[in-house]
2 protein chains.
Amino acid sequence: MTFTKISEIGEFGLIEKISAIASQTESQMNSLKKGIGDDCAILEFSDTEYQVVTTDLLIEQIHFDLLTTPMEHLGAKAISVNVSDICAMNALPTYAVVSIALSEKLSVEMVESLYKGMSNAAKEYGLAIVGGDTSASTAGLVISVTIVGKVKKEKVARRSTAKPGDVVCVSGVLGGSHAGLKVLMRERKLMLDNLKEDGSVDENYRPEIADYQDAVSRHLLPKARLDIVRLFERRGIVPTAMIDISDGLASEIKHICKESKTGAIIEENKFPIMSHARHVADEFEEEATTYALYGGEDYELLFTLSPEDAEKLQETDDVKIIGEIKPEAYGVVMLDMFAREIDLRKVTGYQHFAQPSDESEADEDVWGEDDDF
Amino acid sequence: MTFTKISEIGEFGLIEKISAIASQTESQMNSLKKGIGDDCAILEFSDTEYQVVTTDLLIEQIHFDLLTTPMEHLGAKAISVNVSDICAMNALPTYAVVSIALSEKLSVEMVESLYKGMSNAAKEYGLAIVGGDTSASTAGLVISVTIVGKVKKEKVARRSTAKPGDVVCVSGVLGGSHAGLKVLMRERKLMLDNLKEDGSVDENYRPEIADYQDAVSRHLLPKARLDIVRLFERRGIVPTAMIDISDGLASEIKHICKESKTGAIIEENKFPIMSHARHVADEFEEEATTYALYGGEDYELLFTLSPEDAEKLQETDDVKIIGEIKPEAYGVVMLDMFAREIDLRKVTGYQHFAQPSDESEADEDVWGEDDDF
């Protein structure tokens, strides 16, 4: 049998092959509206509602490092990143199932902290954890979360339905998560440098993360923007397209344009950058814009609105208009600070900006990393 | 912080702690009928139907060994074991989400085989794979499957609703999966003994599994008994309680009795033992009955019927009556070949029967191994 390395065809090549095989099963289900290819699968639930479903796998040393991640935060994040996918459909979460595989180095208390984090986050989002599976693990901790949600049919938001003339909006602030990761990785290195022979950390070592707390919190404890979904409901707004920002603004706007068969222009000077992200970027002599564009894990919502719906958001500080959907031939363009037009489709990803000396970022180039198919 | 080893409180202790925390979220969902503690969680779907959901995590070296497991079989098994949980609720599967984490030693072709196995199994059971997640893995292959099904409200089968006087039935034949595992482990050892320096297997080595094909197939490629659920439908039968046999007959009958607050008597001479399981047990100088009682992974259905419903099954060869539900005080009793009454609650599990020299069986004692909570 031929042995083709996965790295030869890359993550998207692999996902394409997997999707082609898995999609052969879609005809089994009359009520399937949309399977592989959005933040969630969309299923007919009743005459008036769709059910949406999403799943994520979190793996130690690929998605998190226990040295810099408190268990309770990790539990909350595992729930939040899935709820964020539900929000991206303009849906509300209803229930979750959670599986974990545990290595021997974890204590009962650590597992309890993990579940407290999940349980508290679930309560915050109004969803029930209804079941799961536990297993031993030969390697590190593995967490698998599946969340099911629901949405009225006329309100579901897909990636594929943006139209030229729609305005492009983003919730909250960007770049914080990646800035937080940079700080944590620096601290991790200091912590390891200060390890004594018995495995404990030298008592003179003091973590220096207080000045960057917003950024660190954003990385360790991101919140799904369910409040934005509720804001839409209150104001009678239905986004024409929506996606959550898990991989970075550049990647997400390209997804919307590709699926909607449109172009877009977004303006760098309108990006809402977290102020702590700017401080961190200054310290590392980098650009906070690149954190926003390629850093990922901010879990804000990127969405498009008809001009009429956009007017209903005028009084909201927490949403910024950053651009406009254009016809496909226009390209996916960023207007930078110097009014230069940069075609984001020709910039191939974060590797342009990665610091090769930073271990954490090696993960960003691993195929398959946190990609739904 | 205190560090309590997970092994100190054991798998059930851990699951109890996790369940206590997770169940705090159940009040978030009005439509939740039954969360943690059955084969599936049960959720209100419509006036007439419940939705049921189950999830399983399969981890390399804990649940399978790639040396003895073809990828396509592994894919099919990952689907089948979850469909089996859906069947145990007397429900039909509708859709699945699948996540995988892949290590670098896997090829594109192997991943395609895995998905072909899943896709073919899904088609056989009439369910759609609607989405998933892929990730790199620092350790071995990880597969997480979540399956959602549905069932008419008046037909749902729980573990907790057996009544004294009900007959205890089992589908198909038992003991085959464990017998198949024994054969595969013996072959695995031979294969490793015949490995040459370049990593290939010596050309004089011939696997000797043809004589045990039924048992090996049962282990590698178990089928969920959806045909039994359909048989119930055709004959107007509703089991008073049901569970799938993933851990062995002894464990499953104890689950039904514990949840239903009943006792039971089952008769060894009525157990339907697979004939290949008997051959294998003879060769290993063991008892095929212990494979059926404690071997697990047969994925047959154990269920209880009212005497009236039992009559409707008279002409079915593929279901055997093996005992009767009794009041709780009676105990959970097995009447053995010598008419001795053995209280199954006092026999604590497979470790009584394990061969310490057999690596594969070390897994059976690992806490948390394939336990839904």
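Sequence positions are assigned chain by chain, starting from 1 and proceeding in written order. Whichever chain is written first becomes A and whichever ligand is written first becomes 1, with later ones labelled in order. Per-residue local features are limited, in this predicted model, to residues with pLDDT of at least 70; the limit for side-chain atom pairs, both in listing and counting, is 80 or more; totals at the level of whole chains, interfaces and linings are taken over all residues. Heavy atoms from the whole structure form the basis of all side-chain values; hydrogens and water molecules are not counted.

**Q** How should the interface of chain A and chain B be read in this particular structure?
**A** It is common to report an interface's size as the accessible area lost on association of the parts. Note on contacts: a residue pair is in contact if any heavy atoms of the two residues lie within 4.5 Å. Contact with chain A, which involves 82 residues of that partner, is made by 82 residues of chain B. Buried area adds together the accessible area that both of two parts lose upon being put together, with accessible area traced by a 1.4 Å probe. Carbon and sulfur atoms supply 68% of the area buried between chain A and chain B, which totals about 6800 Å² over both sides. Taken as a group, Ile21, Val108 and Thr134 of chain A account for 9% of the area that chain A buries against chain B, more than any other trio of residues on that side. In this structure, Lys17 of chain A and Glu112 of chain B form a salt bridge, with 4.0 Å as the shortest nitrogen-oxygen distance. As used in this structure description, the phrase polar contact means that two N or O atoms lie within 3.5 Å; if the pair is within protein, one of them must be able to donate a hydrogen and the other to accept it, and residues adjacent in sequence are counted only when both atoms belong to side chains. At the junction of chain A with chain B, the criterion picks out 18 residue pairs in polar contact (both at pLDDT 80 or more). Any carboxyl oxygen of Asp or Glu within 4 Å of a side-chain nitrogen of Lys or Arg constitutes a salt bridge here.

**Q** Explanation requested: the sheet that holds strand 9 (residues 262–267) of chain A in the structure shown.
**A** Hydrogen bonds along the backbone pair up the strands of a sheet, which may run parallel or antiparallel. All names here are of chain A. Across the sheet, seven strands lie side by side as 8-10-7-11-9-12-13; this open sheet has mixed pairing. Edge strands, defined here as strands with exactly one partner in the open sheet, are strand 8 (241–244) and strand 13 (341–343). Across this sheet, the average inter-strand angle for adjacent strands is 25 degrees, counted without regard to direction. DSSP bridges decide pairing: two strands pair if at least two such bridges lie between them. Where helices and strands are cited, they refer to DSSP runs of H or I of at least four residues and of E of at least two residues respectively, numbered from the N terminus. Two elements, strand 7 (residues 167–171) and strand 10 (residues 301–305), share four bridges in a ladder whose sense is antiparallel. Bridge pairing in strand 10 places Cys169 opposite Phe303. Whenever a helix is involved, its axis is fitted only over the stretch in contact; in every case the axis is a line through C-alpha atoms, and angles between N-to-C directions fall within 0 to 180 degrees. The strands touched by helix 6 (residues 226–235) are strand 7, strand 8, strand 10 and strand 11 (319–327); relative to strand 10, the strand with the most contacts, the crossing angle is about 20 degrees.

**Q** In this structure, what is going on with the relation of the copies chain A and chain B? I would like to understand it.
**A** Two chain copies, one operation linking them: a rotation about an axis together with a shift along it. The copies are overlaid by a least-squares fit using only the C-alpha atoms of residues whose pLDDT is at least 70 in both copies. For the pair chain A and chain B, the best superposition has an RMSD of 0.0 Å and corresponds to a rotation of 180 degrees with a translation of 0.0 Å parallel to the axis. Both copies are brought into coincidence by an operation consistent with a two-fold rotation axis. If distances are taken from each C-alpha of chain A to the rotation axis, the shortest is found for Ala139 of chain A, at 2.9 Å. Interface overlap between copies: 100% of the residues of chain A at the interface are likewise at the interface in chain B, consistent with a symmetric, same-surface contact.

**Q** Could you clarify how one ought to interpret the packing of helix 3 (residues 108–125) of chain A against helix 1 (residues 6–22) of chain B in this entry?
**A** If you want to describe how two helices pack, look at the angle between their axes and the distance between the axes. Taken N-terminus to C-terminus, the directions of helix 3 of chain A and helix 1 of chain B make an angle of 15 degrees; their axes are 10 Å apart at the nearest point. Here helix 1 of chain B runs roughly parallel to helix 3 of chain A, going by the angle between their axes. Between helix 3 of chain A and helix 1 of chain B the crossing geometry is right-handed. On helix 1 of chain B, the residues that touch Val108, Val111, Glu112, Tyr115, Lys116 and Ser119 of chain A of helix 3 of chain A are Ile6, Ile9, Leu14, Lys17, Ile18, Ile21 and Ala22 of chain B. Residue classes in the contact of helix 3 of chain A with helix 1 of chain B are distributed as nine nonpolar, one polar and three charged. Roughly parallel means an angle under 35 degrees; roughly antiparallel means over 145; roughly perpendicular covers 65 to 115; every other angle is labelled oblique. It is the rotation of the near helix from the far one that decides the hand of a crossing: anticlockwise by less than a right angle makes it left-handed, clockwise makes it right-handed. Gly falls in the polar group here, along with every residue not listed as nonpolar (Ala, Val, Leu, Ile, Met, Phe, Trp, Tyr, Cys, Pro) or charged (Asp, Glu, Lys, Arg).

**Q** In this structure, what is going on with the environment of Thr316 of chain B? I would like to understand it.
**A** Residues and elements named next belong to chain B. The topology assignment puts Thr316 in the loop between helix 10 (307–311) and strand 11 (319–327). For Thr316, a relative accessible area of 14% corresponds to the buried category. In this structure the C-alpha to C-alpha distance between Thr316 and Lys258, which are 58 residues apart in sequence, comes to 29 Å. Residues in contact with Thr316, not counting those within four places in the same chain, are Leu231 and Arg235. Buried residues are those whose accessible area, probed at 1.4 Å on protein chains only, stays under 20% of the maximum for their type, while exposed residues exceed 50% and partly exposed ones sit between those limits.

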